[in-house]
Amino acid sequence: MNYFSSNFKLGILGGGQLGKMLLYNTRKFDIYTCVLEASNEAPCKIACDEFHLGNLMDYDAVYNFGKQVDVLTIEIENVNVDALEALENEGIKVYPASKTLRTIQNKAKQKLFYIDNNLPTAPFSRFAYLSEIEDAIESDVLEFPFVWKAAQFGYDGNGVKVVKQLSDLEGLPKGECIAETLVPFKNELAVIVARNESGETKTYPVVEMEFHPEANQVEYVICPARIPKEVSKKAEAIALKTSEAFHHVGLLAVEMFQTQNDDILINEVAPRPHNSGHQTIEASYTSQFEQHIRAILNLPLGRTDSKVGGVMVNLVGAEGFTGEVVYENIESIMKMDGVTPHIYGKKQTRPFRKMGHVTIVNEDLGEARKIAEEVKKTIKVTSE
């Protein structure tokens, strides 16, 4: 099929920043794009060929949109999977597949998938209701501390909480959830695996992620991870095995824990471009966003190694500020060598909302990490 400067239409479910960065590459290749998103203020609106308003969880909205395109992909997991399955049955190519998304959308099903496929993950218990966790604690079946996770619709630190005492359960959603053993880890790592329909597979270098302690969001992504080679090889092997188990097409970001004993445990996966791969835009031969397009269109995959060491800093809304966004001191960071800001196009900020990211590239990874710290201290995402 001819994708370039043709009548081919690529559909993207979701109009956020990941979709916007995908569109950098569809415009480069002159691939016609259609985006479905519920908000008229979506970052994708300025860059796609067609923008459709619609609820991603609504069957009719997703189904009717999908009938207008040749290949359908996502930039967010929370979409109507029944509609995707119906589209697949009618010959529309959907990547990731509805079966993959159905498993990944529910964290309990996702964890059971790891067990069924002999993939290492932290021990957990599945509960239909939050009250069952309280019963398990009272019966001494479940011990503190543990990590509570909502089974569905968690994102960006929402739907996850470390529970150290009974009162920590107050105010949490009452529905299906899991209680996971709290892993005393050395590092949080991630590997992005790219796979096309022909089965060609490539991995990006292992990255190290540093999280904000309160928001449970990634603050820094460091590539390559500062870990021993044997640990990197183990992480890559587990990511590849995970990819093979899902038979996914596109990108699969595999988030992992490196334990104190250097074991690797899968935390969770995302079947799309991911926060842990943003530095690839400046630091890699092929960005994760271009690679996703190559993979879902069954094109040859691009080179995945890094040209230079890279560190990514997330730009999130500062605490205490809600309203029209202001990026304070952005000119100051642009004076720094190797620093590139990416602004997502969200007009309204609120505490911890992802508003952009900054990539720092340097041949000396240690120096890149120092500059990243300076960037973090300098730029502030506030409001008028």
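Rules behind the numbers
- Residues take numbers from 1 onward in each chain, read along the sequence in its written order.
- At least 70 in pLDDT is required for a residue's local features to be given in this predicted model, at least 80 for side-chain atom pairs to be given and counted, and no such filter applies to totals for whole chains, interfaces and linings, which use all residues.
- Heavy atoms throughout the structure, all of them, feed into the side-chain values; hydrogens and water do not.
- By definition, any uninterrupted DSSP run of H or I lasting at least four residues is a helix, any uninterrupted run of E lasting at least two residues is a strand, and each is numbered from the N terminus.
- Both definitions apply: the radius of gyration is a C-alpha atom measure, and the globule rule equals 2.2 Å times residues to the power 0.38.
- When accessible area is computed with a 1.4 Å probe and restricted to protein chains, residues below 20% of their type maximum are described as buried, those above 50% as exposed, and intermediate ones as partly exposed.
- The contact criterion used is simple: two residues touch if any of their non-hydrogen atoms lie within 4.5 Å.
- Exposure was quantified through the Shrake-Rupley algorithm and a 1.4 Å probe, taking into account, for residues, occlusion by the shown protein chains and nothing else.
- For the charge count, each Lys or Arg is scored as positive and each Asp or Glu as negative, with His and the chain ends excluded.
- By convention, the charge on Lys lies at NZ, on Arg at CZ, on Asp at CG and on Glu at CD.
- For two strands to be treated as a pair, DSSP must find at least two bridges joining them.
- Every axis in this analysis is a line fitted to C-alpha atoms, fitted for helices over the stretch in contact. Angles between the N-to-C directions lie between 0 and 180 degrees.
- Here the angle decides the label: under 35 degrees means roughly parallel, over 145 means roughly antiparallel, 65 to 115 means roughly perpendicular, and every other value means oblique.
- Should the near helix be turned counterclockwise from the far one by less than a right angle, the crossing is left-handed, whereas a clockwise turn marks it as right-handed.

1. Let's talk about the overall build of the chain
Now for step 1: A count of helical and extended segments in the chain gives eleven helices and 21 strands.
Now for step 2: Here the chain has a C-alpha radius of gyration of 21 Å; the compact-globule value for 384 residues is 21 Å, and the two agree.
Now for step 3: Projected onto its principal axes, the C-alpha coordinates of the chain cover approximately 65 × 55 × 45 Å.
Now for step 4: The buried share of the chain, reckoned over its 384 residues, is 55%.
Now for step 5: Relative to all contacts within the chain whose residues are 6 or more apart in sequence, the contacts with residues 24 or more apart total 63%.
Now for step 6: When the accessible surface of the chain is split by element, carbon and sulfur atoms take 47% of a total near 16700 Å².
Now for step 7: Charged side chains in the chain number 40 positive and 54 negative. The centres of these two groups are separated by 4 Å.

2. Some remarks on the pairing of strand β10 (residues 185–195)
Now for step 1: Burial analysis of β10 places nine of its eleven residues in the buried class, the great majority of the element.
Now for step 2: Taken together, the ten bridges between β10 and strand β14 (residues 250–259) define a ladder with antiparallel strand orientation. In the sheet register, E188 faces β14, and the bridge partner there is F257.
Now for step 3: Summarising the sheet, β10 and strand β11 (residues 201–203) pair through three bridges and their orientation is antiparallel. For V193, the partnering residue across the bridge sits in β11 and is T203.
Now for step 4: Hairpin geometry of β10 and β11 is characterised by an intervening segment of five residues between the two adjacent antiparallel strands and by a positive phi of about 95° at G199.

3. Considering the sheet that holds strand β1 (residues 9–13)
Now for step 1: Read across the open sheet, the five strands follow the order β3-β2-β1-β4-β5; overall the sheet is parallel. Across the chains shown, the open sheet's two edge strands, defined by having one partner strand only, are β3 (50–53) and β5 (93–95). Taking each pair of neighbouring strands and ignoring which way they run, the sheet shows an average axis angle of 20°.
Now for step 2: Bridge count between β1 and strand β4 (residues 71–74): four bridges; the pairing is parallel. Residue pairing for β4: G11 is matched across the bridge by L72.
Now for step 3: Helix-sheet contacts for helix α2 (residues 59–66) involve β1, β2 (32–37), β3 and β4, and the interaxial angle to β2 is about 175°.
Now for step 4: Strand contacts of helix α3 (residues 81–89): β1, β4 and β5, with the helix running at about 140° to β5, the strand carrying the most contacts.

4. Observations concerning the sheet that holds strand β6 (residues 124–127)
Now for step 1: Read from one edge to the other, the open sheet built from four strands follows the order β6-β9-β7-β8, with strand pairing classed as antiparallel. Two strands bound the open sheet, and with one partner strand each, they are β6 and β8 (160–163). Ignoring which end each strand starts from, the neighbouring axes of this sheet average 20° apart.

5. Notes on the packing of α3 against helix α4 (residues 98–105)
To characterise two packed helices, one gives the angle between the axes of the helices and the distance between these axes.
Now for step 1: Look at α3 against α4: their axes get within 9 Å of each other, and the N-to-C directions meet at 165°. When the interaxial angle is binned, α3 and α4 end up roughly antiparallel. Crossing angle aside, the handedness with which α3 passes α4 is left-handed. Judged by residue contacts, V81, D82, L84, E85 and E88 of α3 engage S98, L101, R102 and Q105 from α4.

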